[in-house]
Amino acid sequence: MDTLSYKTKSANAATVDKKWVVVDAQSAVLGRFASEVARILRGKHKPYFTPHVDCGDNVIVINADKVRLTGRKMDEKVYVRHTGYPGGQRISTPRILKDKSASILVEKAVRGMLPKNRLGRQMYRNLFVYNGPEHPHAAQQPKEIKL
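On a predicted model such as this, the values are computed, not experimentally measured, just so you know. (Residues numbered from 1 in each chain as written. Predicted model: local features only at pLDDT ≥ 70, side-chain atom pairs only at ≥ 80, totals over all residues. Heavy atoms only, no water.)

Asker: Tell me about a positive patch on the surface, and name the residues and values.
Answerer: Residues Arg81, Arg90, Lys100, Lys108, Arg111, Arg118, Arg121 and Arg125 make up a contiguous surface patch of positive charge. When contributions to the positive patch are tallied by element, the ones reaching two or more residues are helix 4 (102-111) and helix 5 (118-124). Mapped onto the secondary structure, arginine 121 falls in helix 5. Overall, the relative accessible area of 46% leaves arginine 121 in the partly exposed class. (Patch = residues over 30% accessible without salt bridge, like charges linked within 9 Å, V, L, I, M, F, W, Y side chains within 5 Å. Areas by Shrake-Rupley, 256 points an atom, 1.4 Å probe, with all protein chains shown as cover. Salt bridge = Lys/Arg side-chain N within 4 Å of Asp/Glu carboxyl O. Lys, Arg positive; Asp, Glu negative; His and termini not counted. Charge placed at Lys NZ, Arg CZ, Asp CG, Glu CD. Helix = DSSP H or I, 4+ residues; strand = E, 2+ residues; numbered from the N terminus. Buried < 20%, exposed > 50% of the residue type's maximum accessible area, 1.4 Å probe, protein only.)

Asker: I'd like a rundown of the packing of helix 1 (residues 30-42) against helix 4, residues and numbers included.
Answerer: Running from N to C, helix 1 and helix 4 point in directions that differ by 60 degrees, and their axes come no closer than 8 Å. Taken together, the axes of helix 1 and helix 4 are oblique relative to one another. Considering only the axes of helix 1 and helix 4, their crossing is right-handed. Here Leu30, Phe33, Ala34, Val37, Ala38 and Leu41 of helix 1 come into contact with helix 4, specifically with Leu105, Val106, Ala109 and Val110. A breakdown of the residues in the contact of helix 1 with helix 4 according to their chemical character gives ten nonpolar, no polar and no charged. (Axes fitted to C-alpha atoms, helices over the stretch in contact; angles between N-to-C directions. Parallel < 35°, antiparallel > 145°, perpendicular 65-115°, else oblique. Left-handed = near helix turned anticlockwise from the far one by under 90°. Contact = heavy atoms within 4.5 Å. Nonpolar A, V, L, I, M, F, W, Y, C, P; charged D, E, K, R; others polar.)

Asker: How would you summarise the packing of aromatic side chains if you had to cite specific residues and measurements?
Answerer: Enumeration according to the criterion identifies one aromatic pair in this entry. Between tryptophan 20 and phenylalanine 128, the aromatic rings sit 5.4 Å apart at their centres with planes inclined by 25 degrees, giving stacked as the arrangement. With tryptophan 20 in strand 1 (residues 20-24) and phenylalanine 128 in strand 5 (residues 127-129), this residue pair connects regions lying 108 residues apart in the sequence. A relative accessible area of 23% places phenylalanine 128 in the partly exposed class. Looking at arginine 111, its charged tip hangs above the ring of tyrosine 124, at a distance of 4.1 Å from the centre. (Phe/Tyr/Trp six-rings, centres within 6.5 Å; stacked < 30°, edge-to-face > 60°. Lys NZ or Arg CZ within 6 Å of the ring centre and 35° of its normal.)

Asker: Go over a nonpolar patch on the surface with me, naming the residues and quoting the values.
Answerer: A contiguous nonpolar surface patch, about 270 Å² in accessible area, is contributed by Val78, Val80 and Ile91. Relative to the helices and strands, valine 78 resides in the loop between helix 2 (73-76) and strand 3 (79-82). For valine 78, a relative accessible area of 44% puts it in the partly exposed group.

Asker: Let's hear about the environment of tyrosine 124: which residues, and what values?
Answerer: When you line up the elements, tyrosine 124 lands in helix 5. Note on tyrosine 124: relative accessible area 18%, which makes it buried. Remark: the alpha-carbon pair of tyrosine 124 and valine 37, spanning 87 residues in sequence, is separated by 11 Å. What tyrosine 124 contacts, discounting residues up to four positions off in sequence, is Glu107, Arg111 and Leu114.

Asker: Would you mind going over the nonpolar core in detail, with residue names and values included?
Answerer: The tendency in soluble globular proteins is for nonpolar side chains to be buried as a group. Core analysis: the largest hydrophobic core is formed by 29 residues, its most contacted members being Phe33, Val37, Val59, Val61, Val106, Val110 and Leu127. For this core, the secondary structure elements donating two or more residues are strand 1, helix 1, strand 2 (58-62), helix 4, helix 5 and strand 5. Element by element, the count of residues in this core is highest for helix 1, at seven residues. Excluding anything up to four places from it in sequence, valine 61 contacts Val23, Ala25, Phe33, Val37, Val106, Leu127, Phe128, Val129 and Tyr130. (Core = buried A, V, L, I, M, F, W, Y, C linked by side-chain atoms within 4.5 Å.)

Asker: Mind laying out the pairing of strand 1, listing which residues take part and the relevant values?
Answerer: Note that strand 1 and strand 2 share five bridges and pair parallel. Directly across from valine 23, in strand 2, lies its bridge partner valine 61. Crossover strand 1 to strand 2 through helix 1 is right-handed. Strand direction decides the pairing type here: strand 1 and strand 6 (residues 143-145), joined by three bridges, are parallel. Note that in strand 6 the partner of valine 23 across the bridge is isoleucine 145. (Pairing = 2+ DSSP bridges. Right-handed = clockwise from strand over helix to strand, strands pointing away.)

Here it is, written out as structure tokens:
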């Protein structure tokens, strides 16, 4: 047997096949849904996954306004941020964020599940979240995925 035929394939920017996928968030639990979306964004579902390369697909999330949280998290979970000024700690709940725009909830959940570095920021740019069932990416001919 020739041992050279068993070389490990390592993807790079030129060899990666990036596709467009549509995922429906209708009545999906936020955390479980976000982890699947992050997996697709990262490219872990592909046989040639390479940790240091952006080999994930472009993901379009529709119906983000219909995502749900279990238990009493809608009122009791808190998102904490700081303005940078003394006494500038700001706290918001998922209900407050959903009133502004429901897509913020999905974006924050997915972003927290991606790597915290330059590669993670690049992967996050491949996520497109929309509150309704329509999206402007029909020209990319996205494939619908059932999660």
